[in-house]
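# Structural characterization, general
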Protein chains: 2
Amino acid sequence: MDLLILSIVVSLIGFLFAIFLIFDILKKPEGSEEIKKISLAIRKGASAFLVREWKVMGVIVVIFAIIVAVLINPFVALSFIFGNFLSAFSGFIGMSIATRTNGRTTNAARESGGKAIDLAFSGGAVMGITVSSFGILGLTIVFILSITLLQKVGPIMMITGYSMGASFVALFARVGGGIFTKAADVGADLVGKIEAGIPEDDPRNPATIADNVGDNVGDVAGMGADLYESYVGATVSSIVIAISLVLSSKSSFPIGEKGIYYPFLIVSLGLISSILGILYIKFSSKIFKNLSPQSALTGGTMISSVIFAIISFVFTKIYINDLNPFYSVFLGLISGVVIGLVTQYYTGGKPIKKIAEAATTGAATNILAGFSTGMESTLLPLLILSFSIYGAYLFSGIYGIALAGVGMLATLGISLSVDAYGPIADNAGGIAEMSHQNPEVRDITDSLDAYGNTTAAMGKGFAIGSAVLTALALFVSYAQAANISVIDLLKPNVVSAMFIGGVLPYLFSGYSISAVEKAAFKMVEEVRRQFREMPGILEGKDEPDYKRCVDISTIGALREMVIPSVIIIISPFIIAFVFGKDGLGGFLAGSLISGALLAIFMANSGGAWDNAKKLIEKGMFGGKGSPAHKASIVGDTVGDPFKDTAGPSINILLKLMSIISLVFLPFFLKFLK
Amino acid sequence: MDLLILSIVVSLIGFLFAIFLIFDILKKPEGSEEIKKISLAIRKGASAFLVREWKVMGVIVVIFAIIVAVLINPFVALSFIFGNFLSAFSGFIGMSIATRTNGRTTNAARESGGKAIDLAFSGGAVMGITVSSFGILGLTIVFILSITLLQKVGPIMMITGYSMGASFVALFARVGGGIFTKAADVGADLVGKIEAGIPEDDPRNPATIADNVGDNVGDVAGMGADLYESYVGATVSSIVIAISLVLSSKSSFPIGEKGIYYPFLIVSLGLISSILGILYIKFSSKIFKNLSPQSALTGGTMISSVIFAIISFVFTKIYINDLNPFYSVFLGLISGVVIGLVTQYYTGGKPIKKIAEAATTGAATNILAGFSTGMESTLLPLLILSFSIYGAYLFSGIYGIALAGVGMLATLGISLSVDAYGPIADNAGGIAEMSHQNPEVRDITDSLDAYGNTTAAMGKGFAIGSAVLTALALFVSYAQAANISVIDLLKPNVVSAMFIGGVLPYLFSGYSISAVEKAAFKMVEEVRRQFREMPGILEGKDEPDYKRCVDISTIGALREMVIPSVIIIISPFIIAFVFGKDGLGGFLAGSLISGALLAIFMANSGGAWDNAKKLIEKGMFGGKGSPAHKASIVGDTVGDPFKDTAGPSINILLKLMSIISLVFLPFFLKFLK
């Protein structure tokens, strides 16, 4: 218990560091009036979306909190709301800063590439550190309350409620943000690039601000909430398993009570390592003048991982005097890194050259090549996950499986920082284009953006991997807490429920892809209307009505996200009542298998099409404007909702259904055999 | 045992009926010299492919038979070879007749639509009846031998060996045939429709004969072998389960020995019902002059189902005096029908209108719309399967699950007849085009072809549904025979193996799609070469070298099928040794969940794109030559390998891995805990 003070202290250090970064960013010049104007429009659009999203979310959260209060316990409901609030708040901070960093990054690019990348990375680091610090702090507070003032409710119920709060925010941020961003992007591309023949991010395109807003609400706020959820979920499930094992006083859990506190401390060590890695990136670029931004970012990530491995090794040795838990943590850490590298290969290596080449025989072969690449790319990540699960179990039993999740996510501080760098760089590029910067400045922002694409693809791989481990850990803790000793694949209720579980990721992806389509179609109509009614826009004389386009994406996203969200939320209840509590286990397992594969497939094929198009734009296979380029744009457009809407939304689906099952377990136990 | 005479008699009746149909077809006129020439070229190409495929298959079968003989038992190896032979032989008969019916159908279309459809259906019925009759006869012979002369080896090992033989043929026929047909189709389309601007099936396109050969080797021989495998596999697994339950004398199996003979008789009743349904179709079109061909075919299928339901009800009542097994059979029968209808809706109803409309905003939105439709289309089939599994179990335990598979497949005679009608009609249309028939004749063949598309889509849905049920039944009989009482999802070896199992369908589909791409690319090069070196071809003066194109597809298919086939064959061994025998169970379950979804998704989106294109060609959204039409061709080309190569190949993957696990079980039991 005393050790929990340590995790509070570490999270406070994190806040101080984030505040320092924020001041450092805000004192940088905002740039010309034009840059300021565009940046402000993006910021306003993003905030407007967030506020409206919160209103919808607020209603559903309150209803659900009442259900929790009635069926489970009022304090669990409060803990759920607290989890909601903290995740939403850290997303808000991260996004506010990101939308204040984008224009400043464009401005810094006028001086040098080094300054621009440093600034963009700082903006991302605010998100990374805020999310990690709030995640740890909130969880520690809830846990301490549950073992002091609220002993009757008990820690398992309290912390799972908190975790479910984070999951709800993730649902809205990822699904809503994902639909928003791709409706704007696809809509802008369809009418701009294809119909009007104007380049991407051209200020004459009315949907261009919406597209940039989308990067912030989807890739910054959405990704942040997704990883916040994983971070909290993995930690919570390891604690739940430890508590259950201690309570049932199984001889198979020799660590005893220390196992409950261990995860808190591991994530705290991870936060410290992340801060050190971020400092390395910020200083190394100043000390080694010739260091490429890419090697700085990769170097920082690696240094964090190494520091984390060393200090958690030492800590485990001292605290537990048994290295087995450390090995499980370490397996998770390594898996995260390797999955990132595999993703990088499939979305950037030889495969994308093959896809670009296939574009020379038309859009169909380009699509097919991306497809087969995405499918083949599922092998290695799943093998890695599969063996690290098995290994983690061999070291520390089912507790080890959850620890692998904790290990993968412990250094979230730095990995999310690198992730969030991408959309900021992307925005900076868009602002450079719209504010008519010199070609040299645009070259710099383009190169920042190109590297951001790589980090974004890696980030997606990492997000899926961590979501799968987290969902699996939650699944195991569900079984543990439900006292289910066997989920038997030979029982028909388990098999039947498993098939239905497998369908959900498909159904959900189908819905979200058609949601993007519908909203994009509305966007196309609006842009066409503006071009028609204000002919001055295309001549560059009239300013387009950007705000209308932002509104259309906002409304489309909020409307379309309701049905899939409701399906996710109510499914576990229906399944539990039809197929029983082991059937619910089979259902979760089925969705996990099918979802993990579908998510990796969609994220990687989407990323690969995107980069194949970029390869052609660099001059290969005919370059810009060639038939191959046109074919590759089709691939890219198909890939957009794959990688940024449907794929990432599956992460949420998997985790949310598991956490709902876990939270409502006391209710299910009351009514089911 | 005496009752087995009945199934032999029924299969002999089937043979007589097939011979009657064959004579009836062959006495019809072959038509003009031009028709004869084209039909002969297709027949020669198809036979050449089959012979070369058999050579490759022969080598692998002999090697594998030796392995079976050494590790298991020489008689099981012989039974395996016997299964191979019978399936290959019935495929050969079906395909020979199909390639003799196509030209005759074109010729009959010069007289009337009714005669043409009657002939095309007769051609399909030869395949349907031959496959069912051989399936029953072979299985009965092997079973009788195993309980008389070969009592030491035992029926379980003998009949599973036989079933594995059918699976091997299916592997080569489906995967090889699938690559062949789509390499030719995609290659022909890419260079013909898109580059040279000539219509489909234009005789100037050198790949056009290969395309027509492909329909026969892929859709006739491939589909036939696939369903032969399911038919035998489902029956075998129900017998294996019955034997295991009788041997372990479980009180939970009150039917006792009768349960072993019951499946033989059920499939025999199904064959009789199928013959009656076929007779209905053939006579009804002569009696009711105004009956549309569509209602004749649908009517025949329904009548078969009703007859089968009634006679199997009566038989069950008399033979077992307990209707529970009948209810399980009936659930399977109904599921098959409903899955067919659902498939028909998603590949022909409102969804394809939406997809066609999406083509008006370009290829990307057309692809996305087909995608989301395919994804959403997984829900109903999986719900149906899931509930019929659960229901079948409630009626008759795990034996009931296998019986549901038997029930779904019992009327294979008629469903395969309707299926095989499609490619014959397609070929007849191609031959009409190539032999320059009058527009009225082509209208008739076009309408036959259009209806053939619907039956083909339904057939694919049925093939997947039955493959899933068969694979599940084999999985359950594996567990039963292995005496595994629990496959626990909470054990890490089971979960890890399940993840890996889930990857295989993706890996396999990825490979087969890129195989099509590679082979299609070679085809494009060859066609370009012919156009370049013989400029007279496009002017209609020189005859293209059709044979070279057939060779290219043949070589491409045979080369590309090796790696995926080897992966399927060796995976169960590796998994068994790494994860143990319950791990192998988890592996099979993982592949089943992921594969069922992926197969349905790919088959339905492929079918939907195809029909959306046809809708546009009928004049909607701009009609032929419009931008929407061009966009829809991209969707169709993407969908081709989805629905005809990758999707159906998954059927084989699921069943083959299960049957290999079952056959090698005695070996695994010796070496594994």
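One numbering rule holds for all chains: residues counted from 1, following each sequence as written. Each chain is given a letter, starting from A, and each ligand a number, starting from 1, according to the order in which they appear as written. The predicted origin of the model limits local features to residues at a pLDDT of at least 70 and limits the giving and counting of side-chain atom pairs to 80 or more, whereas totals for whole chains, interfaces and linings rest on all residues. Hydrogens and water are ignored here; the side-chain numbers use all heavy atoms of the structure.

### Regarding the interface of chain A and chain B
Contacts between residues were defined by any pair of non-hydrogen atoms, one from each residue, lying within 4.5 Å. Counting from both sides, the interface comprises 71 residues of chain A and, opposite them, 71 residues of chain B. Here the quantity called buried area is the total loss of accessible area, with a 1.4 Å probe, experienced by two parts when brought into contact, counted for both. Between chain A and chain B, roughly 6300 Å² of surface is buried when both sides are summed, and carbon and sulfur atoms account for 82% of that area. Looking at the side of chain A facing chain B, the largest losses of area belong to L490, F499 and Y506 of chain A, adding up to 13% of the total buried there. One side-chain nitrogen of Lys or Arg within 4 Å of one carboxyl oxygen of Asp or Glu is enough to make a salt bridge. Our enumeration of links across chain A and chain B arrives at zero salt bridges. We define a polar contact as two N or O atoms separated by no more than 3.5 Å, with the added condition that, inside protein, one atom must be a possible hydrogen donor and the other a possible acceptor, whereas residues neighbouring each other in sequence contribute only through side-chain atom pairs. Applying the counting criterion to the chain A and chain B interface returns seven residue pairs in polar contact (both at pLDDT 80 or more). Mapped by element, the contributors of at least two residues to the side of chain A that touches chain B are α11 (363-376), α12 (379-410), α14 (439-481), α15 (492-533), α17 (562-617) and α18 (627-663) of chain A. Secondary structure elements follow DSSP: runs of H or I of four or more residues count as helices, runs of E of two or more count as strands, with numbering from the N terminus.

### Things to note about the side chain of D419 of chain A
All names here are of chain A. Structurally, the position occupied by D419 is in helix α13 (residues 412-434). Here D419 is buried and forms no salt bridge, its nearest opposite-charge partner R174 lying at an N-O distance of 6.6 Å. Sequence-distant contacts of D419, that is, excluding residues within four places in its chain, are made with M223, L227, T455 and G459. Type-normalised accessible area, obtained with a 1.4 Å probe on protein chains alone, sets the label of each residue: buried when under 20%, exposed when over 50%, and partly exposed for intermediate values. Counting rule applied: Lys, Arg positive; Asp, Glu negative; His and chain ends not counted.

### Some words on helix α4 (residues 113-147) of chain B
Here, expected helix span is obtained from the residue count minus one, scaled by 1.5 Å. Spanning 35 residues, α4 of chain B covers 51 Å between terminal C-alpha atoms, matching the ideal 51 Å at 1.5 Å per step. With respect to burial, α4 of chain B is a largely interior element, 29 of its 35 residues being buried.

### Focus: a nonpolar patch on the surface
Patch members must show over 30% relative accessible area and no salt bridge, and they are joined within 9 Å when carrying like charges or within 5 Å when they are nonpolar side chains of Val, Leu, Ile, Met, Phe, Trp or Tyr. For the accessible areas, the method is Shrake-Rupley and the probe is 1.4 Å, while residue cover comes only from the protein chains on display. A cluster of nonpolar side chains, contributed by F387 of chain A together with V562, V566, I570, I574 and V578 of chain B, occupies part of the molecular surface with about 470 Å² of accessible area. Residue placement: I570 of chain B occurs in helix α17 (residues 562-617).

### So, unusual backbone geometry
All names here are of chain A. Phi is positive for N321, close to 60°, though the residue is something other than glycine. Examined against the element boundaries, N321 turns out to sit in the loop between α8 (293-319) and α9 (324-346). With a phi angle near 60°, N483 is a residue other than glycine that sits in the positive phi range. With respect to the secondary-structure elements, N483 resides in the loop between α14 and α15.

### Thoughts on the confidence of the model for chain A
A residue's pLDDT is simply how confident the predictor is in it, with values from 0 to 100. Within chain A, residue pLDDT values average 90, and 98% of them lie at 70 or more. Prediction confidence for the complex, expressed as pTM and ipTM, is 0.94 and 0.92 respectively.

### Some thoughts on helix α10 (residues 350-358) of chain A
When α10 of chain A is considered as a whole, its buried residues turn out to be P351, I352, I355, A356 and A358 of chain A. The buried residues of α10 of chain A all sit within an arc of 160° when viewed along its axis, so they share a single face. Here the buried face of α10 of chain A lies against α9, α11 and α17 of chain A together with α15 (492-533) of chain B. By definition, the arc is the one covered by directions from the helix axis to the C-beta atoms.

### Focus: the relation of the copies chain A and chain B
Fitting of the copies onto one another was done by least squares over C-alpha atoms, counting residues only where both copies have pLDDT of at least 70. Each copy of the sequence occupies a distinct position, and chain A is placed on chain B by a rotation of 180° and an axial shift of 0.0 Å, giving an RMSD of 0.0 Å. Here the symmetry operator amounts to a two-fold rotation axis. Of the C-alpha atoms belonging to chain A, the one lying closest to the rotation axis is found on D488 of chain A, 2.4 Å away. Of the residues that chain A buries at the interface, 100% are likewise interface residues in chain B, meaning the two copies contact each other through the same surface.

### As for the packing of helix α10 (residues 350-358) of chain B against helix α11 (residues 363-376) of chain B
Residues and elements named next belong to chain B. Each axis is a line fitted through C-alpha atoms, taken for helices only over the stretch in contact, and angles between the N-to-C directions span 0 to 180 degrees. At a closest axis distance of 7 Å, the pairing of α10 and α11 adopts a crossing angle of 160°. When the interaxial angle is binned, α10 and α11 end up roughly antiparallel. As for the relative orientation of α10 and α11, their crossing is right-handed in sense. Of the residues in α11, those touching α10 at P351, K354, I355 and A358 are T365, N366, A369, G370, S372 and T373. Put simply, angles under 35 degrees are roughly parallel, angles over 145 are roughly antiparallel, angles from 65 to 115 are roughly perpendicular, and the rest are oblique. Note on convention: near helix rotated counterclockwise from far helix by under a right angle means a left-handed crossing. Clockwise means right-handed.

### Re the environment of D24 of chain B
Residues and elements named next belong to chain B. Here D24 lies in helix α1 (residues 4-26). Its relative accessible area of 14% is what places D24 among the buried residues. Spatially, the C-alpha atoms of D24 and A557 are 34 Å apart, while their sequence positions differ by 533 residues. Polar side-chain contacts of D24 include one of 3.4 Å to the side chain of K27.

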